[in-house]
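Now for the letters of each chain:
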Amino acid sequence: MIIGQPVAHSLSPIFQNAALDQIGSAVRYGRQELAPEQVPAFLAACASARVAGNITLPHKELAMGCVQWTTAVAQRVGAVNTFWTEGGTLVGHNTDVAGASAALRALIGSTPAVWSELPVVMFGAGGSAAATLIALQDAGARAITIVARTPSRAAGLLERLEIDARVVAGHKAASALQDARLVINATPVGLRDDAWPVEIGLLPPRAAVLDLVYRRGETPWVRACRAAGHRAEDGLRMLVEQGAAAFECWFGVPAPRDAMWDALGIRPVAHPDPA
Ligand code: NAP
């Protein structure tokens, strides 16, 4: 199950139930809306009943203190999005990093020498930025700039994650973007309206684009970036891959990714080879 507030919009039950059907499991994946003060008792009850699941906004950080054991990845991010019971212990893990890694690999590949030279500019400094920063660090990225509406929040995040990156205030985005080869939106801009986090004209011609926001039919920004010739994708691969990684933690078998994508009625974006 997935717990959050709100959770009615979550796509996870759609693709997780398809995955469960695919492996012939009778287990069902539901959703539960909870206020923050309800989370500790609910997770304790999940531990007793051996229920596994996901945690979404705004409870991921809160859940760190509600599980009995956290994996090294959850500790690095400071947030739990996946839980299960192991030998009577409620385990908290974070698969957003695996989801972000999959999206980064799809756009740029996994060659450390490429990553170490790649200027990356990320907009936003919240929870999804934290998971993506760790995925960038693990990929080998060494030239990261965070453009933040609240630079002090970005600086605090980098200090907590022990990641060396530059912080630039939002009004200086244009200069930060000059050499960018990968531009990431980790803000909610474009989630509820058609706003663009970055003007297309500010993107260098060879820059790839990752929008962590996802919507049915892609975000208008991703569509506009692709129309302008950029390799671009939205946050759907990150979402499906974090779910696939969680499924593999729960069941110990490879997640049936094709069935998960089919349930959404979408195929993952296939990018042409990089120029
Ligand atoms: P969050 O923790 O609330 O952080 C949001 C960040 O965006 C903060 O740094 C915030 O700045 C900044 N921001 C908010 N509104 C802005 C605006 N109008 N202009 C510039 N910056 C703005 O949120 P989050 O958990 O990181 O999630 C961000 C988005 O990522 C979500 O809306 C969701 O769509 C997406 N997401 C996708 C996945 C996936 O699997 N694809 C997973 C998680 C999240 P301040 O610090 O100044 O408030």
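From a predicted model like this one, the values you see are computed outputs, not experimental measurements.

**Q** Go over the layout of surface pockets with me, naming the residues and quoting the values.
**A** Of the volumes computed, that of the largest pocket is approximately 1500 Å³. What lines the largest pocket is a set of 46 residues, and nearest its centre among them are Leu57, Ser128, Thr187, Pro188 and Leu191. Those elements giving two or more residues to the lining of the largest pocket turn out to be strand E3 (53-55), helix H6 (127-139), strand E8 (143-148) and helix H10 (236-251). For the lining of the largest pocket, a count of residues per class yields 21 nonpolar, 17 polar and eight charged.

**Q** Residue-level account of the site of the ligand, with values.
**A** Contacts to the ligand come from 20 residues, most closely from Ala125, Ser128, Thr150, Arg153 and Gly235. Between the ligand and glycine 127 there is a distance of 3.0 Å, counted from an oxygen atom to a backbone nitrogen or oxygen. At 2.8 Å from an oxygen atom of the ligand is found a side-chain nitrogen or oxygen belonging to arginine 153. Using a 2 Å cut-off from the grid points, one finds that the ligand occupies the largest pocket.

**Q** Would you mind going over the pairing of strand E10 (residues 182-185) in detail, with residue names and values included?
**A** Side-chain direction in a regular strand flips from residue to residue, so the side chains alternate between the two faces of the sheet. Burial of the side chains of E10 extends over both faces: Leu182 and Ile184 are buried on one face and Val183 and Asn185 on the other. Pairing between strand E7 (residues 119-123) and E10: four bridges, direction parallel. Across the sheet, residue valine 120 finds its bridge partner in E10, namely leucine 182. Where E10 and strand E11 (residues 208-211) come together, four bridges link them in parallel fashion. Each residue of the ladder has a partner; that of asparagine 185, found in E11, is aspartate 211.

**Q** Now, about the domain arrangement of the chain: what can you tell me, with residues and values included?
**A** Looking at the chain, the domain boundaries give domain 1 (2-94 + 242-264) and domain 2 (98-234). Using only C-alpha atoms to locate each centre, domain 1 and domain 2 end up separated by 26 Å. With nine residues of domain 1 in contact, the opposing surface of domain 2 contributes 12 residues. Carbon and sulfur atoms supply 50% of the area buried between domain 1 and domain 2, which totals about 750 Å² over both sides. Contact with domain 2 buries area across many residues of domain 1, yet Leu11, Arg76 and Val77 alone supply 62% of it, more than any other trio. At the junction of domain 1 with domain 2, the criterion picks out one salt bridge. The salt bridge partner of aspartate 138 is arginine 76, with a shortest N-O separation of 2.9 Å. Counting across the interface, domain 1 meets domain 2 through four residue pairs in polar contact (both at pLDDT 80 or more). Split into classes, the residues belonging to the side of domain 1 that touches domain 2 amount to five nonpolar, two polar and two charged.

Cut-off values and rules
In this numbering scheme, every chain counts its residues from 1 along its sequence in written order. Local features in this predicted model are restricted to residues whose pLDDT is 70 or higher, and side-chain atom pairs enter the listing and the counts only when it is 80 or higher, whereas totals over whole chains, interfaces and linings include all residues. Computation of side-chain values: all heavy atoms of the structure, hydrogens and water removed. The method works on a 1 Å grid over the protein atoms by themselves. A cavity is a set of points holding a 1.4 Å probe that cannot get out, a pocket is an open set with protein on both sides within 12 Å along at least five of seven lines, and residues with an atom within 4 Å of a point line them. Grid points are joined across faces, edges and corners, and a volume is the space filled by probe spheres set on the points. Comment: elements are numbered from the N terminus, with helices defined as DSSP H or I runs of at least four residues and strands as E runs of at least two. Residues are sorted three ways: Asp, Glu, Lys and Arg are charged, Ala, Val, Leu, Ile, Met, Phe, Trp, Tyr, Cys and Pro are nonpolar, and all the rest, Gly among them, are polar. Whether a residue is near a molecule or strand depends on its heavy atoms: it is near if one of them lies within 4 Å of it. Definition of a polar contact: a pair of N or O atoms within 3.5 Å, with one able to donate and the other able to accept a hydrogen when the atoms are protein atoms, and with sequence-neighbouring residues admitted only if both atoms are side-chain atoms. Assignment of a molecule to a cavity or pocket requires that more than half of its atoms lie within 2 Å of the corresponding grid points. When accessible area is computed with a 1.4 Å probe and restricted to protein chains, residues below 20% of their type maximum are described as buried, those above 50% as exposed, and intermediate ones as partly exposed. Only strands that DSSP links by at least two bridges are regarded as paired with each other. Start and end points for every domain follow an automatic or database-based domain assignment. Any pair of residues with heavy atoms lying within 4.5 Å of one another is described as a contacting pair. Reported buried area values correspond to the accessible surface (1.4 Å probe) lost by two parts on association, with both partners' losses combined. The rule for a salt bridge is simple: a side-chain nitrogen of Lys or Arg has to be within 4 Å of a carboxyl oxygen of Asp or Glu.

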